[in-house]
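# Overview (structure and organization)
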Amino acid sequence: MSKIHISNGHIIDPANNIDKTGSVYLADGKIVAVHTSETNGFDFTADKTIDASSQFVSPGFIDLSVRLRDPGQSYKGTLLSETSAAAAAGVTSLCLPPDTRPVIDTQAVVELIHDKAEKAHYNNVFPIAALTQGLAGSELSSMYALKEAGCIAVSNADVPFSSLLVLRRAMEYACSHDLLVIYHPDIPSLSNNGCANEGAFATRYGLPSIPEASESIAVAQCLELAELTGCRLHFSQISSKRSAIKIQQAKKYGLKVSADVAIHQLHLTENDIEPFNSAYHVLPPFRTDKDKLQLRESLANGTINAICSDHQPHDLDAKLGAFPETEPGVSSLETLLPLMLKLVKDNAITLSQGVAALTYKPARILNIQSGSLSSGLPADLCIFDTEQHWEISQDNWKSAGRNTPYWGETMKGRVTKTIQAGKIIHSL
Amino acid sequence: MTNIQLNQNGKLKHFLSIDGLNEPILTEILDTAESFTSMSKQQVKKVPLLRGKTIVNLFFENSTRTRTTFELAATRLSADVLSLNIATSATSKGESLLDTIHNLEAMHVDMFVVRHAISGAGHFIAQNTAPHISVINAGDGQHAHPTQAMLDMFTIRQYKQDFKPLKVAIIGDILHSRVARSQIQALNVLGVKEIRVIAPKTLLPSHVESLGVVVYNNLEEGLAGVDVVIMLRLQKERMTAALLPSEREYFKCFGLTEARLKLAKPDAIVMHPGPINRGVEMESSIADGPQSVILQQVSNGIAVRMAIMSLTMQHNGVAQ
Amino acid sequence: MTDNTLEIPLLLTKLEANLRQQIKQRKLINPIMIGVHSGGAWVAEHLHQQLAIEEPLGLMDISFYRDDFSQCGMNPQVKPCQLPAHMEGRDIILIDDVFYTGRTVRAGLNEIFDYGRPNQVVLGVLIERDGRQVPLQPDCSGCSITLPPGQRIKLTGPAPLGIHIQSFPTESDD
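Residues numbered from 1 in each chain as written. Chains lettered and ligands numbered in written order. Predicted model: local features only at pLDDT ≥ 70, side-chain atom pairs only at ≥ 80, totals over all residues.

A separate point is the overall build of chain C. A count of helices and strands for chain C gives 4 helices and 7 strands. Tracing chain C from N to C terminus, the helices and strands come up as α-β-α-β-α-β-α-β-β-β-β. Radius of gyration (C-alpha) of chain C: 15 Å, near the 16 Å computed for a compact globule of 174 residues. With the C-alpha coordinates aligned to their principal axes, the bounding extent of chain C is approximately 45 × 40 × 30 Å. Among the 174 residues that make up chain C, the fraction classed as buried is 37%. Across chain C, every contact between residues at least 6 apart in sequence was considered, and the portion connecting residues at least 24 apart equals 68%. (Helix = DSSP H or I, 4+ residues; strand = E, 2+ residues; numbered from the N terminus. Rg over C-alpha atoms; globule rule 2.2 N^0.38 Å. Buried ≥ 20, exposed ≤ 12 C-beta atoms within 10 Å, placed from the backbone. Contact = placed C-beta atoms within 7 Å.)

Written out as structure tokens, the structure reads:
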């Protein structure tokens with residue numbers, strides 16, 4: 001396999017504390033070495049040299065939640081289109097939540113996904129198994145078999161449990177197979193089919209609303225169960241201040257808990273919503289300034305470990321209708337980098353922290369050997385230009401879903417090359 | 001962000017909510033309605049203003065009273081009226097909203113008057129309909145009922161003339177009320193002194209003060225010295241949704257009785273968007289009493305809707 | 001610019017004389033006089049008195065009957081109509097200040113006919129000018145003049161009554 005030398009790039013590898021210009025050497029699909037001016041010279045005859053001057057080189061991004069809409073909802077997206085978007089976004093590993101159709105609760109579905117990924121020439125699609133059969137919230141799924149088939153964790157997607165007893169048992173069972181439980185916190189009787197945060201915006205526009213408490217209560221319940229069962233717990237897509245504070249306290253207390261936040265929740269609040277524009281319809285909903293501030297703080301101090309895209313591409317019809325009737329979700333892979341860079345520009349986090357939240361931290365949560373440029377690891381990298389401006393339009397967009405509040409806007413920061421296992425899977 | 005209700009000359013094209021409209025526009029509606037009220041008293045109650053235009057009443061929620069006033073208003077403007085009652089359920093698999101609209105557009109209509117159970121339905125239709133068509137919101141979910149608010153403002157102006165010194169109390173289920181939201185917005189634009197909302201906590205939306213109101217949970221305190229008392233309808237479903245224990249208890253705490261009405265100014269007017277639940281929202285004697293202007297509201301409803309229809313249609317012939 | 005050759009008292013006297021002739025010629029019985037707001041109403045007030053018409057003076061605002069709603073929109077200050085309840089079979093004297101394109105009279109006639117079928121309508125105007133756009137004409141007038149294109153003549157009032165001539169870049173709406 002080819003030997004690649006990536007030269008002159010500014011290397012950001014937070015796992016190894018690297019943040020300066022240098023060279024990266026790849027061979028046989030693995031990382032051979034990283035050399036900066038401080039380290040010794042290196043004898044390497046490259047088959048291919050990539051000049052990354054004025055650009056950054058980092059480990060490829062690991063995205064904890066990407067809905068490929070495949071299998072089952074090809075009108076919204078396919079494995080091919082969405083992994084293509086992932087590659088364009090610099091994402092070299094992604095986790096697929098279990099709410100595909102059929103649900104990821106049998107080996108057959110896992111194999112199907114692996115097959116499709118292979119055909120699309122995209123490695124590292126990590127299916128997440130359903131915690132309960134059919135995601136019905138009642139019977140445990142065959143977690144062991146699913147783990148053996150290649151599932152990296154178990155989750156409830158965003159579907160509720162029929163009772164806390166079932167949740168407890170599911171967590172105990174997952175724990176006995178050393179499976180990470182990824183939990184989306186929500187109390188349906190409180191969120192009550194709402195579509196906006198319970199607050200001034202929802203009141204003004206008469207929208208059915210979701211109180212912060214429906215998330216924070218679910219977080220509290222699950223934390224207690226985590227202590228009871230001893231399982232490893234990860235909260236997906238936290239949106240509120242109260243949830244963040246509870247998680248912070250739990251970590252201080254010593255619980256094995258982690259959390260991620262969707263990139264758009266770090267930028268948009270209910271005040272940014274264009275009234276009745278369904279592009280802003282997301283679950284959990286955009287909340288208030290104080291929540292956004294807390295989320296940013298929690299990301300900076302490590303309470304929230306990782307950033308994910310929470311990518312949810314939709315067909316046109318799904319977003320055509322009166323706001324509450326539309327389907328929630330943003331097609332967010334391709335805005336992942338520019339929005340992360342914007343966080344850095346806003347001084348909420350450093351570039352290193354941003355890259356960490358997208359690389360070695362998610363890797364650690366998933367317990368995979370990835371997310372850094374250590375020698376011997378798979379050659380998953382992304383090269384990005386922080387200065388490039390580009391417009392979000394159909395010429396520049398790979399995802400089948402155009403449902404983003406940023407459609408038509410000019411973004412700053414773009415991935416120019418993505419390398420997966422030593423192969424270039426995206427190049428501008 | 002441009003207001004989709006206004007055309008590029010800043011004139012009213014759609015009427016979806018009071019939100020985003022300024023005082024001159026609201027006053028223009030009230031003044032225009034004034035000309036139409038005197039017309040209603042004449043022998044010939046029709047004018048040819050909208051002759052040749054087709055107005056479609058698209059009611060996804062049942063309402064005889066609102067629909068008939070819109071029909072009358074359209075007819076008095078000499079327009080052709082088409083009334084469609086499309087019952088919807090949450091899981092209805094019928095024709096999509098957009099398809100319904102496009103099919104009607106193919107029949108060359110000029111205006112949609114829409115009532116729908118989902119907030120934002122009016123905006124959605126206005127954004128997706130042919131450019132020459134005007135959309136009037138006859139009530140969407142819990143969001144807005146702007147024509148009702150305007151006829152309420154017209155009635156207040158009739159009896160009080162000047163908005164600026166007024167203290168207005170709105171009593172009842174604010175949480176679910178699109179009428180209340182529109183009334184509050186209109187009262188704020190027209191610059192009243194104070195708007196009070198009086199309700200139990202379960203019937204008040206979160207952050208209600210952000211709408212520009214003062215909150216009272218006690219009716220007696222809230223009514224002290226007010227000029228206008230607006231009672232809202234209490235729907236029976238609220239009793240089964242764990243929002244209120246019973247109608248009886250509601251009446252005990254928040255029902256407008258003669259004794260309580262005396263706490264307001266002696267010349268205070270009592271309003272209600274109707275239909276009234278006698279003995280729940282107010283005593284029958286008040287509904288029929290000298291301070292009640294409820295029937296006046298109803299007759300004003302036609303003139304105000306005529307005004308809104310004419311104003312939104314008037315610039316549709318102008319080359320844009 | 002005011003035109004001194006057009007004197008109101010003279011015009012009113014002439015119109016009054018012509019109207020008397022019409023009343024006799026056309027055999028009007030107990031006519032109803034209707035003035036079109038605003039100028040026609042002022043003129044009609046004067047004539048109603050001078051001619052000692054028994055029926056109370058009627059007043060009409062033709063705003064809702066105009067044919068230019070789509071182009072010009074609504075007049076926000078429409079004055080209320082004061083018309084007798086029964087116009088069926090009656091003789092009507094319609095009075096306006098200026099007859100120009102004829103559209104105002106067309107609107108006025110439509111409005112009258114909506115109230116019932118009159119026996120006949122006699123039209124009297126203070127000033128008839130050139131520029132007719134519909135096939136209507138006054139039965140009598142105070143004077144008949146020609147104006148250069150782009151000029152519009154208007155009655156001002158109510159007291160004192162005056163004549164005002166204005167230049168307009170485009171066609172007016174009367």
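This part is about the overall build of chain B. Helix and strand content of chain B: 12 helices and 9 strands. The C-alpha radius of gyration computed for chain B amounts to 19 Å, which stays within 12% of the reference 20 Å derived for 320 residues, consistent with globular compactness. For chain B, the spread of C-alpha atoms along the three principal axes comes to 55 × 45 × 40 Å.

With 2 pairs of chains in contact overall, the greatest share of contacts is found between chains A and B. Here chain A and chain C are not in contact; the least distance found between their C-alpha atoms is 30 Å.

Quick look at the interface of chain A and chain B now. If you look at the interface, chain A gives 17 residues, while chain B gives 22 residues. The element best represented in the side of chain A that touches chain B is helix H6 (residues 200-204) of chain A, accounting for 3 residues. Of the residues in the side of chain A that touches chain B, the class split is 8 nonpolar, 5 polar and 4 charged. (Nonpolar A, V, L, I, M, F, W, Y, C, P; charged D, E, K, R; others polar.)

Another aspect to go through is the environment of Gln249 of chain A. Residues and elements named next belong to chain A. Positionally, Gln249 belongs in helix H8 (residues 241-253). Gln249 sits in the partly exposed class, given 13 other C-beta atoms within 10 Å. Each C-alpha atom of the pair Gln249 and Tyr122 lies 39 Å from the other, and the pair is 127 residues apart in sequence.

In this complex, chain C contributes 15 residues to the contact, which on the side of chain B involves 17 residues. Looking at which element gives the most residues to the side of chain C that touches chain B, the answer is helix H3 (residues 69-72) of chain C, with 3 residues. Residues that form the side of chain C that touches chain B fall into these classes: 10 nonpolar, 4 polar and 1 charged.

Take the sheet that holds strand E2 (residues 80-85) of chain B next. Residue and element names in this part refer to chain B. With parallel pairing, the 4 strands of this open sheet are ordered in space as E2-E1-E3-E4. Edge positions in the sheet fall to E2 and strand E4 (134-140), since each has one partner strand and no second. For this sheet, the mean inter-axis angle between neighbouring strands, taken without regard to orientation, is 15°. As defined by bridge partners, strand E1 (residues 54-59) adjoins strand E3 (residues 111-116) across 5 bridges and the pair is classed as parallel. Opposite Asn57, over in E3, you have Val113 as the bridge partner. (Pairing = 2+ DSSP bridges. Axes fitted to C-alpha atoms, helices over the stretch in contact; angles between N-to-C directions.)

It is worth spelling out helix H9 (residues 289-300) of chain A at this point. Residue and element names in this part refer to chain A. Taking 1.5 Å as the rise per residue, H9 with 12 residues should run 16 Å; its terminal C-alpha atoms sit 17 Å apart, in good agreement. Among all positions in H9, only Asp291, Lys292, Gln294, Leu295, Arg296, Ser298 and Leu299 are buried. Where the residues of H9 are buried, they touch H8, strand E15 (257-262) and helix H11 (351-358). With its phi angle positive at about 90°, Gly302 sits one or two positions after the end of H9. (Expected span 1.5 Å × (residues − 1).)

So, about the packing of helix H1 (residues 23-40) of chain B against helix H5 (residues 146-160) of chain B. All names here are of chain B. Orientation of H1 relative to H5, taken along the N-to-C sense of each, is 70°, at an axis distance of 10 Å. Here H1 lies roughly perpendicular to H5, going by the angle between them. Of the two elements, H1 crosses H5, and the hand of that crossing is right-handed. Facing H1, whose interface residues are Leu26, Ile29, Leu30 and Ala33, H5 presents Met150, Met153, Phe154 and Arg157. Taken together, the residues of the contact of H1 with H5 break down into 7 nonpolar, no polar and 1 charged. (Parallel < 35°, antiparallel > 145°, perpendicular 65-115°, else oblique. Left-handed = near helix turned anticlockwise from the far one by under 90°.)

A few words on the environment of Val293 of chain B. Residue and element names in this part refer to chain B. In this fold, Val293 is placed in the loop between helix H11 (284-287) and helix H12 (294-313). Look at Val293 and you get partly exposed, because 19 C-beta atoms sit within 10 Å. Each C-alpha atom of the pair Val293 and Ile269 lies 6.5 Å from the other, and the pair is 24 residues apart in sequence.

Glancing now at the confidence of the model for chain C. Residue-level pLDDT values for chain C average 88, and 94% of them are 70 or greater. The ipTM, which scores confidence in the relative placement of chains, is 0.91 for this predicted complex, and the corresponding pTM is 0.89. (pLDDT = per-residue confidence, 0-100.)

This part covers the sheet that holds strand E6 (residues 194-198) of chain B. All names here are of chain B. If you trace the 5 strands from one edge of the open sheet to the other, you get E7-E6-E5-E8-E9, paired in parallel fashion. Pairing within the sheet leaves two strands with one partner each, and these edge strands are strand E7 (214-216) and strand E9 (269-271). The sheet shows a mean angle of 20° between the axes of neighbouring strands, direction not considered. Two strands pair when backbone bridges link them, and E6 and E7 are joined in this way by 3 bridges, in the parallel orientation. By the bridge assignment for E7, Val197 is matched with Val215.

So, on to the packing of helix H2 (residues 64-76) of chain B against H12 of chain B. All names here are of chain B. In contact at an axis separation of 8 Å, H2 and H12 are set at 60° when each is read in the N-to-C sense. When the axes of H2 and H12 are compared, the pair comes out oblique. Our pair here, H2 against H12, has a crossing hand that is right-handed. Along the contact surface, H2 presents Thr69, Phe70, Leu72, Ala73, Ala74 and Arg76, while H12 presents Gly301, Ile302, Arg305, Met306 and Met309. Residue composition of the contact of H2 with H12, by class: 7 nonpolar, 2 polar and 2 charged.

Another aspect to go through is the nonpolar core. Grouped together as the largest cluster of nonpolar side chains are 158 residues, with contacts concentrated most on Ile170 and Val229 of chain B. The element that contributes the greatest number of residues to this core is H12 of chain B, accounting for 10 residues. Three or more residues apiece are contributed to this core by two domains, here domain 1 (23-145 + 299-313) and domain 2 (146-297) of chain B. Core analysis: the next-biggest nonpolar cluster, separate from the first, contains 110 residues, Ile12, Ile104, Leu336 and Ala357 of chain A among them. (Core = buried A, V, L, I, M, F, W, Y, C linked by C-beta atoms within 7 Å. Domains from an automatic or database assignment.)

This brings us to the domain arrangement of chain B. All names here are of chain B. Considered domain by domain, chain B is made up of domain 1 (23-145 + 299-313) and domain 2 (146-297). For domain 1 and domain 2, the distance between their C-alpha centres works out to 25 Å. Opposite the 22 residues of domain 1 that make contact, domain 2 presents 22 residues. For the side of domain 1 that touches domain 2, the elements supplying multiple residues, two or more each, are H1, E4 and H12. Among the elements that line the side of domain 1 that touches domain 2, the one with the most residues is H12, at 6 residues. A breakdown of the residues in the side of domain 1 that touches domain 2 according to their chemical character gives 9 nonpolar, 9 polar and 4 charged.

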